[in-house]
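Chain by chain, the residues run as shown.
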Amino acid sequence: MDKLTALLTKQKAFQKPAIEERLRILRKLKEVIKQQEKDILQALAHDLHKSEQEAYTTEVGMVYEEINHTMKHLHKWAKTSNVKTPLTHLGSKSMIIKEPYGSVLVIAPWNYPFQLALSPLVGAISAGNAVTLKPSELTPQVSQVIRTIVERVFQEDQAVVVEGGVDISTQLLKQPFDYIFFTGSVSVGKIVMEAAAKHLTPVTLELGGKSPCIVMPDADLKLAAKRITFGKFTNAGQTCIAPDYLLVHESVKEELLREMTVCIHDFFGEQPEINPHFGKNVSQRHFDRLSQFLSNGTIVTGGQRNEQELKIAPTILDHISWDDPVMQEEIFGPILPVMTFDSLDEAADMIKARPKPLALYLFTTSKQTESYVLDHLSFGGGCINDTLMHVATPYLPFGGIGESGMGRYHGRESFFTFTHEKSVLRQTNRFDFSFRYPNAKNGLDIVRKFLK
Ligand code: NAD
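Before going into details, it helps to say that this report is about the structure given with it. Being a predicted model, the structure only gives us computed values, none of them experimental. (Residues numbered from 1 in each chain as written. Predicted model: local features only at pLDDT ≥ 70, side-chain atom pairs only at ≥ 80, totals over all residues. Heavy atoms only, no water.)

**Things to note about the site of the ligand**
As a structural note, the neighbourhood of the ligand is formed by 26 residues, with Ala108, Glu137, Ser185, Leu207 and Glu330 the closest of them. In this structure, an oxygen atom belonging to the ligand sits 2.6 Å away from a side-chain N or O atom of glutamate 330. Computed on the free molecule, the ligand has an accessible area of 840 Å², of which 90% lies beneath the protein chains in the complex. Taken together, the elements giving at least two residues each to the shell around the ligand come down to helix H7 (166-174), strand E6 (179-183) and helix H8 (186-198). By residue number, the principal contributor to the shell around the ligand is H7, which donates three residues. Along the lines of polarity and charge, the residues of the shell around the ligand split into 15 nonpolar, seven polar and four charged. (Near = heavy atom within 4 Å. Polar contact = N/O pair within 3.5 Å; in protein donor to acceptor, adjacent residues only side chain to side chain. Areas by Shrake-Rupley, 256 points an atom, 1.4 Å probe, with all protein chains shown as cover. Helix = DSSP H or I, 4+ residues; strand = E, 2+ residues; numbered from the N terminus. Nonpolar A, V, L, I, M, F, W, Y, C, P; charged D, E, K, R; others polar.)

What follows is the structure, encoded as structure tokens:
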């Protein structure tokens, strides 16, 4: 038996822990993360040049919140729920038992390498599963710290980290896991789903795509500029829900871009490409891919490159069309193409003509515009008058639709994503209605009275 098969065999034999035990392990997980916090922040600074503030807010802090929220509500979520029983089933009772799927494979990406590995782990563990976690190979120091944490908290049969790249991922995907939770690109999402189909393994796919940001003439432009700049250039644009492109009403474009240029300098200085706290692109390949987009349209601000540190200054590109290379794929970097529209219908039509995005942002002060966009456009989730913030609350399920993914998690949804809801009807033996049996006299007449 190879190593991965042996590991999975162990995890399949893992017995679902009692709720108190799950709480104990979550507490321990938080404790160990606290003890390793310095190493995590250092690893994030090394692998992605994340500043301490950014790393704490978007990675470590979010995981603490996920653990706190889960611990607070776990008893309630995990409790067997009694539900109604229809009159046709007189004498019986119905319940839904919260059962873990069993063995879960979590495959994580590199852009928020800590949070996107640990948050699904928290959900899967709280639901009582055993977990095999594969972090991204592109952020090796973070991967190493995750491994240390998991080894300190868990026995191998409950949770284990398997490090490696495409090879290992491919081998893991051949195994008959009971659930697969994947975060990454659309193209690899398709590979994951195909592999899962071989064993009929259910999947959650947290993918990406091109998320639009619409700015209306009635928006508070100063605030919009600040919040869009924040959402786009956090982690150097390597955020799955970053605004990918700007759709701004022609009449306010100049002013918005002027304000955004001011914000960029305020946030990251006059030379962001040499600012140690501005994020780097994860690899030379990613840097080269992004660099090619800089010749699209005209540069409003930015465009400077620091090849040594793989950094590109926050860049705004004007005069862009749908035919430009930058509009052909998810950008996933600090480059913001700008397109304009004259009417909201026109903007909506452009979005509807493309795959359903993971996120959508709308800046407006009109309730009517807001209703129109929410009624007419389909997208994973988003914000009105803000960016990114919908991801940072445990009360909003997070996930995509169509090409941007399937399934959801965070807070309560994480628990239920990793839980099979087993429906059970307990029948009485005190009496028995004979009309359902094939030999019953007037059986059909009686059934017709109930089911009409
Ligand atoms: P990726 O798809 O290249 O890699 C993700 C994971 O899959 C990594 O662990 C990698 O080792 C593995 N992998 C890569 N190629 C594989 C293959 N051929 N077979 C099996 N496994 C393979 O994604 P990435 O570059 O790490 O992350 C960027 C993408 O992830 C972007 O598209 C982004 O939008 C998306 N993303 C989505 C979310 C979300 O929550 N929806 C969050 C972060 C990133």
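Having seen the model, we can carry on.
**Observations regarding the nonpolar core**
Counting 81 residues, the largest nonpolar core has Leu29, Ile33, Phe114, Val215 and Leu246 as the members making the most contacts within it. Once residues within four sequence positions are removed from consideration, leucine 246 is found in contact with Cys213, Val215, Ile228, Leu256, Leu257, Met260, Leu336, Pro337, Val338 and Met339. Among the nonpolar cores identified, the runner-up in size contains 29 residues, and Tyr245, Leu247, Leu310 and Leu317 belong to it. (Core = buried A, V, L, I, M, F, W, Y, C linked by side-chain atoms within 4.5 Å. Buried < 20%, exposed > 50% of the residue type's maximum accessible area, 1.4 Å probe, protein only. Contact = heavy atoms within 4.5 Å.)

**What to know about the sheet that holds strand E10 (residues 298-301)**
Spatial ordering of the open sheet is given by E10-E13-E14-E9-E8-E15-E16, a layout of seven strands whose pairing is mixed. Each edge of the open sheet is held by one strand with a lone partner, namely E10 and strand E16 (381-384). With direction set aside, neighbouring strand axes in the sheet form an average angle of 25°. Sheet topology places strand E15 (residues 359-363) next to E16; four bridges connect them, and they run parallel. Following the sheet pairing, leucine 360 is matched in E16 by glycine 382. Of the strands in this sheet, strand E8 (212-215), strand E9 (245-249), strand E14 (335-341) and E15 are in contact with helix H12 (residues 344-352), which crosses E14 at around 130°. (Pairing = 2+ DSSP bridges. Axes fitted to C-alpha atoms, helices over the stretch in contact; angles between N-to-C directions.)

**A few points about the pairing of strand E4 (residues 130-134)**
With five of its five residues buried, E4 lies for the most part within the structure. Side chains Ala130, Thr132 and Lys134 of E4 all project onto a buried face; the interleaved residues Val131 and Leu133 project onto the opposite face, where all are buried too. As judged from the five bridges shared by strand E3 (residues 103-107) and E4, these two strands associate in the parallel manner. Across the sheet, serine 103 pairs through a bridge with alanine 130, a residue of E4. You can see the chain leave E3, run along helix H5 (residues 115-126) and come back into E4, and the turn it takes is right-handed. Examined bridge by bridge, E4 and strand E5 (residues 159-161) share three bridges and lie parallel to one another. Its bridge partner being in E5, leucine 133 is matched across the sheet by valine 161. Chirality of the crossover, the property in question, places the unit of E4, helix H6 (residues 140-153) and E5 among those that are right-handed. (Right-handed = clockwise from strand over helix to strand, strands pointing away.)

**A few points about unusual backbone geometry**
Even without being a glycine, asparagine 385 presents a positive backbone phi close to 60°. Its location among the elements puts asparagine 385 in the loop between E16 and strand E17 (405-406). For asparagine 385, a relative accessible area of 26% puts it in the partly exposed group. Non-glycine residue leucine 388 carries a positive phi angle of around 65°. As for its placement among the helices and strands, leucine 388 is situated in the loop between E16 and E17. Here leucine 388 falls in the buried class, since its relative accessible area comes to 7%.

By themselves, these figures tell us nothing about what the structure is for.
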